[in-house]
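For reference, the chains in residue letters:
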Amino acid sequence: MQSLFQLTFDNGATARGVSLSEDSEISSALQQLGFTTARPTLVIVGGASGLAVDDMEQLRSLFQNVLCSFADSFDFAVIDGGTDAGVMRLIGQSRSATGRKFPLLGVVVQAKAILPNTPAPTDDAATLEAHHTHFMLVPGSKWGDESDWIAKVATVLSNGKPSLTLLINGGEIALRQDVPNSIEQARPVLIISGSGRSADRLADAINGKTSDPEVQNLINSGLLYTVDLTVEQNLLQAALQKVLLAAHSS
């Protein structure tokens, strides 16, 4: 059963939230949050607490100058894991810094989420990122349980409109859950090569730099694409558009 609520953060920002108990409730939960029509959807997965500070700063330009501009220009909703860490912190802060208006929906395991002015439910719980506009709190007992929900929420929200997963950096959850879950939903995954860890591992295997039998089944899906972080920013945005066009015209 869904439950709608309002969040107010220490920075004065507010967000609408909904908690739900089963995936059959996703469509009505999105309606409650104000997503009344299908829209293009960008899923961002990758590094969270494992993303180093230096890497965060290297990626900030990508988020501010490419991803926020892309989402706003093409009316995308952005979906991620919603906590105040890594790529989720970067997209939240970048949206705020650039004044962009695209909706930013965090999908978080309720048992691991620290809501404003509430105590931490577990020792490894995490605070929500305060620049997100919407949150969906989902069932689960550990980090990673949100991954399947993120993939399904993006499919329901996009409902046939263009949809893309972006992998930036990332650890085992990104490699073992986020990317496979996107593939299961037939969503293309654009991997930012040069962003580190799982993204680089996959990109090296795709580009033939390494032999990596563990990820070959992901590559065989035909849904993985790569673009190098070091290319000019206009080329990065062009790569996003090219992947979307190729995937949704096939």
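Everything quoted here is computed from the prediction, not taken from an experiment. Sequence order sets the numbering: in each chain, residues are counted from 1 along the sequence as written. The predicted origin of the model limits local features to residues at a pLDDT of at least 70 and limits the giving and counting of side-chain atom pairs to 80 or more, whereas totals for whole chains, interfaces and linings rest on all residues. Working from all heavy atoms in the structure, the side-chain values ignore hydrogens and water.

**Student:** Is there a simple way to think about helix 1 (residues 26-33) in this case?
**Tutor:** Structurally, the α-helix is built with 3.6 residues per turn, so residues lying three or four positions apart point the same way. The buried label applies to any residue whose accessible area, calculated with a 1.4 Å probe on protein chains only, is under 20% of its type's maximum; exposed applies above 50%, and partly exposed to all values in between. Elements are defined by DSSP. Helices are runs of H or I of four residues or more, strands are runs of E of two residues or more, and each kind is numbered from the N terminus. Among all positions in helix 1, only I26, A29, L30 and L33 are buried. Down the axis of helix 1, the smallest arc covering the buried residues is 100°, so these residues share one side. Pairs of residues are marked as contacts when any of their non-hydrogen atoms sit within 4.5 Å. Packed against the buried residues of helix 1 are strand 1 (3-8), strand 2 (14-19), strand 5 (104-109), strand 8 (134-138) and helix 4 (146-158). Two residues or fewer past helix 1, G34 is found with a positive phi of approximately 105°. Directions drawn from the helix axis to the C-beta atoms are what define this arc.

**Student:** Where do I start with the pattern of salt bridges in this structure?
**Tutor:** Pairing is possible between side chains of opposite charge, provided their charged atoms come close. What counts as a salt bridge is simple: a side-chain nitrogen of Lys or Arg found within 4 Å of a carboxyl oxygen of Asp or Glu. A complete count under the given rule lists 12 salt bridges for this structure. Residue D72 is joined to R100 by a salt bridge in which the shortest nitrogen-to-oxygen separation is 3.9 Å. A residue pair is termed long-range when its members are at least 10 positions apart, and D72 in helix 2 (residues 53-73) and R100 in the loop between helix 3 (86-98) and strand 5 qualify at 28 residues. Given the relative accessible area of 28%, R100 is considered partly exposed. The partner of R201 in a salt bridge is D212, and the shortest N-O contact between them spans 2.6 Å. Of this pair, R201 sits in helix 6 (residues 197-206) while D212 sits in the loop between helix 6 and helix 7 (216-219), placing them 11 residues apart in sequence. When salt bridges that share partners are traced, they join E172, R176, R201, D212 and E214 into one network.

**Student:** Please explain the packing of aromatic side chains as it appears in this structure.
**Tutor:** Each aromatic ring pair is described using two quantities: the centre-to-centre distance and the angle formed by the ring planes. Here a pair means two rings of Phe, Tyr or Trp (six-membered ring of Trp) with centres within 6.5 Å. Their orientation is stacked below 30 degrees between planes, edge-to-face above 60, and tilted elsewhere. Applying the stated criterion across every chain, the model contains 3 aromatic pairs. Arranged with centres 6.1 Å apart and planes meeting at 50°, the rings of F9 and F135 form a pair that is tilted. Residue F9 is found in the loop between strand 1 and strand 2, and its partner F135 is found in strand 8; the two are separated by 126 residues along the sequence. The pair formed by F9 and F135 is uniform in burial state, with each residue classed as buried. Summarising the aromatic geometry, the rings of F70 and F76 are spaced 5.0 Å apart at their centres and angled 45° between planes, so their arrangement reads as tilted. Using a relative accessible area of 1% as the deciding quantity, one classes F70 as buried. Ring pairing ties together the aromatic residues F70, F74 and F76, which thus form one cluster. Working rule: Lys NZ or Arg CZ, within 6 Å of ring centre, within 35 degrees of ring normal, means a charge sits over the ring. The side chain of R95 reaches across the aromatic face of F102, ending 5.5 Å from its centre.

**Student:** How should the sheet that holds strand 11 (residues 224-228) be read in this particular structure?
**Tutor:** Picture the strands of a sheet paired through backbone hydrogen bonds; they go either parallel or antiparallel. What makes two strands pair is DSSP finding at least two bridges between them. In space, the 9 strands of this open sheet follow the order 1-2-8-5-4-3-9-10-11, with mixed pairing throughout. Among the strands making up the open sheet, the edge pair consists of strand 1 and strand 11. With strand direction ignored, the average angle separating the axes of adjacent strands in the sheet is 25°. Axes here refer to lines fitted to C-alpha atoms; in helices the fit is confined to the stretch in contact. Angles between the N-to-C directions go from 0 to 180 degrees. Across the face of the sheet, helix 2 comes into contact with strand 3 (41-46), strand 4 (77-80), strand 9 (163-168) and strand 10 (189-193) while running at roughly 175° to strand 9. Together, strand 3, strand 9, strand 10 and strand 11 form the strand contacts of helix 5 (residues 172-184), whose direction differs from that of strand 9 by roughly 165°.

**Student:** How should the nonpolar core be read in this particular structure?
**Tutor:** Here, nonpolar core means buried Ala, Val, Leu, Ile, Met, Phe, Trp, Tyr and Cys residues that are tied together by side-chain atoms lying within 4.5 Å of each other. Ranked by size, the top nonpolar core spans 36 residues in total, and within it I79, L105, V107, M136, L167, L202 and L224 carry the most contacts. With residues near it in sequence (within four places) discarded, L167 still touches V45, G46, A174, V179, V189, L190, I191, I192, S198, A199 and L202. The next biggest cluster of nonpolar side chains, apart from the first, holds 33 residues, and it includes V87, L166, I168 and L229.

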